[in-house]
Structure formats: C-alpha cells, structure tokens
Amino acid sequence: MRLATWNVNSVKARLPRLLEWLAATGPDVLCLQELKVSAGQFPHEEITALGYEAAVHGDGRWNGVAVLSRVGLADVRTGFDGDPGFPDEAAQETRAVSATCGGLRVWSVYVPNGRTPDDPHYAYKLLWLARLTEALEREPAPLAVCGDFNVAPADDDVWDPAVFAGSTHVTKPERDALAALRERRGLHDIVPRPLKGDRPFTYWDYRAGMFHQNKGMRIDLVYATEPVPSRVTDAYVDREARKGKGPSDHAPIVVDIDL
DNA sequence: ATGTCATCCAGCGGATGA
C-alpha cells in the first residue's frame, strides 16, 4: 500500500497540481489537510475520474480534511467524540476525518496552529491533542494517523531551534502532548527520508526564500501502529511538489507499506 | 525570517489566518 499525506493549502487553488501529483505518484490512500472548502464544494468529479473515493469534512474558508482512497473507503467518520471546538465546545472545526481503507484505519488530522503560547488558541491546541489522544485509544488496529500536527517533535525538526525558542510548534507542552498521543495508542513515528538535505522537512514558509535555503520544519507526520512501521519499505518527503509555480507551503509525505 | 499566499466580504483592497 502506498499511503500519503499532504497539506495542500486550498484544494481549489491546488487542484491542477493535486491531480497531476495523484496521477504521477499513485498513492492508494491520500490524507489531505487545509482544503479550505465546504464538503459540497470539494472537487469530487475530478478526484473520482482518477479512481478515488473521497471522505471529506469541510465547512468553508478555513481548515477542512479528507481521506482519498482507491482501495475502499468504509466506516467514514467526520470529527470525533470529545472534539473540543473553539471558542467553545459547540464550535467544532473540521480538523479530523477517518475511514477504513484496505484493512487500515486511517485518520487525516489538521491540528490547531496555536498561534502563540499566550494565545487562547494555544490552550485549544493542547486540549484538542488531548481529546484526539482519547479518541484514538478507542480506534481499531492497524491504525495510521496522518496530517499536519503543527508540532515539530524535536529540535532537529526545525531549521534553527534558536529562531523558534519560546514560540509555538516547539514548546515542551506541545511535544509532551504529541508523545502522550504516540505512547497511549502505541503509535510509531514513520520518519521519511528527505530527497535533498539531511533533514526531512515538510513545511517551508512562503516568505523570504525559505524553501530555496531549506529553512523548513517537520510538522507533517505519519504515525502508525504495528505492524505498519515494521513493514515500511520506503518513506520520503516529495519536495518536488514544493517547487515551481503555485505550490502549497507543505510537501507531501509518501509511505510504502508491504501489508 | 516576517520578503507570501488564499480567502472573504465587499466590491479591486483590507482583514484574517497561516
């Protein structure tokens, strides 16, 4: 199985590149984040034409996630029990969707950004991760949780730790929340190889030539329970998809698994 | 690093979020 995840930063703006990438790369399952469309506006026709079914959770301008599959799409669930919402429980955002694809339970998640550690969105981010952890404990195996976690798990996962000192994505509470999520459900971090450079960054800010200088971050992650990690035959960040005209600011991760 | 991008609402630019 070829499993992939990609924050496309608007499925509408990225559609030509997404379709081209799907045809060229041929993932069996693709998790998408930051669709920025309602479920009704999702380009189902174009995706279906390439042989994929899509489970979509989106409500408009922000967020939005999907699971695309060409190996079956069953037991689709949008959101999860305990999703805290912001600014209150009732204002749930479209940040998680899950489905069973070819025997694998797959989640596509878009963790809240957090903005700054003193912002209410930061507390929301930590609560959201805690509630996600609880929801994942109720999920069957084998399980893969893929997406934009908006946390760099270690200092090596940012281009210069000094630049990020004290800012969101690298704080201890965020990293602890991520570690708890992994440990409580037995999830393993499937670290992809970079196609260039020594570290598998997945995100580079649009500004200041950050991609060109490889000043990136590893904030998109693929977590999976055994036996998936021990059956990975290859995993890489497709930095080619970050190049050229009109890219997302994130690159896809591609994982090949001999299930 | 704060150099861009996408979106919305209102209307061709500013606010918002990342």
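Residues numbered from 1 in each chain as written. Chains lettered and ligands numbered in written order. Predicted model: local features only at pLDDT ≥ 70, side-chain atom pairs only at ≥ 80, totals over all residues. Heavy atoms only, no water.

## Here's the deal with the overall build of chain A
- From N to C terminus, chain A includes five helices and 13 strands.
- Relative to the compact-globule value of 18 Å for 259 residues, chain A shows a C-alpha radius of gyration of 17 Å, a close match.
- Each principal axis of the C-alpha atoms in chain A carries an extent, and together these give about 45 × 40 × 40 Å.
- Split into buried and exposed, the 259 residues of chain A put 56% on the buried side.
- Carbon and sulfur atoms provide 50% of the accessible area of chain A, an area that totals close to 10600 Å².
- Charged side chains in chain A number 30 positive and 37 negative. The centres of these two groups are separated by 4 Å. (Helix = DSSP H or I, 4+ residues; strand = E, 2+ residues; numbered from the N terminus. Rg over C-alpha atoms; globule rule 2.2 N^0.38 Å. Buried < 20%, exposed > 50% of the residue type's maximum accessible area, 1.4 Å probe, protein only. Areas by Shrake-Rupley, 256 points an atom, 1.4 Å probe, with all protein chains shown as cover. Lys, Arg positive; Asp, Glu negative; His and termini not counted. Charge placed at Lys NZ, Arg CZ, Asp CG, Glu CD.)

## Observations concerning the sheet that holds strand 5 (residues 74-78)
- The six strands lie next to each other as 5-6-7-8-11-9, forming an open sheet whose pairing is mixed. Lying at the two open borders of the sheet, with one neighbouring strand each, are strand 5 and strand 9 (187-189). With strand direction ignored, the average angle separating the axes of adjacent strands in the sheet is 20°.
- Taken together, the five bridges between strand 8 (residues 143-148) and strand 11 (residues 220-225) define a ladder with antiparallel strand orientation. Along strand 11, the bridge assignment pairs Val145 with Tyr223. (Pairing = 2+ DSSP bridges. Axes fitted to C-alpha atoms, helices over the stretch in contact; angles between N-to-C directions.)

## Quick look at empty space enclosed by the protein
- Under the defined criterion, the tally for this structure stands at one cavity of 30 Å³ or more.
- Computed from the structure, the largest cavity encloses a volume of approximately 50 Å³.
- The wall of the largest cavity is formed by Pro194, Leu195, Lys196, Arg199, Pro200, Phe201, Trp204, Asn214, Val237 and Arg239.
- Taken together, the residues of the lining of the largest cavity break down into six nonpolar, one polar and three charged. (1 Å grid on protein atoms, 1.4 Å probe; cavity = no way out; pocket = protein on both sides within 12 Å on 5 of 7 lines; lining within 4 Å. Points joined across faces, edges and corners; volume = space filled by probe spheres on them. Nonpolar A, V, L, I, M, F, W, Y, C, P; charged D, E, K, R; others polar.)

## As for the UniProt feature "active site" (unreviewed entry) in chain A
- Under the UniProt annotation, the feature "active site" (unreviewed entry) is placed at Tyr110, Asp148 and His250. Their sequence span is 141 residues, while the largest C-alpha to C-alpha distance among them is just 12.6 Å; these annotated residues converge on one region. Considering only the annotated residues already named, the ones lining the largest pocket are Tyr110, Asp148 and His250.
- The contacts of Tyr110, once residues within four sequence positions are left out, are Asn7, Gln33, Glu34, Asn63, Val65, Arg95, Trp128, Asp148 and Asn150.
- Looking at Tyr110, its side chain comes within polar contact range of the side chain of Glu34, at 3.4 Å. (UniProt positions renumbered as here; feature names shortened; annotations may be inferred. Contact = heavy atoms within 4.5 Å. Polar contact = N/O pair within 3.5 Å; in protein donor to acceptor, adjacent residues only side chain to side chain.)

## So, the protein's contact with DNA strand B
- Of all residues adjacent to DNA strand B, which total 16 residues, the nearest are Ser10, Arg14, Arg61, Arg115 and Ala208.
- The protein-proximal atoms of DNA strand B, defined as those within 4 Å of the protein, are 59% sugar or phosphate.
- Between DNA strand B and the protein, one listed contact pairs a phosphate oxygen with a side-chain N or O atom of Arg115 at 2.9 Å.
- A distance of 3.3 Å is found between a base oxygen of DNA strand B and a side-chain nitrogen or oxygen belonging to Arg207. (Near = heavy atom within 4 Å.)

## As for helix 3 (residues 120-137)
- Here helix 3 spans 26 Å end to end across 18 residues, near enough to the 26 Å set by a 1.5 Å rise per residue.
- Along helix 3, the residues that are buried comprise His121, Tyr122, Tyr124, Lys125, Trp128, Leu129, Leu132, Thr133, Ala135 and Leu136.
- If you follow the buried residues of helix 3, they end up packed against strand 6 (96-101), strand 7 (104-110), strand 8, helix 5 (172-185) and strand 9. (Expected span 1.5 Å × (residues − 1).)

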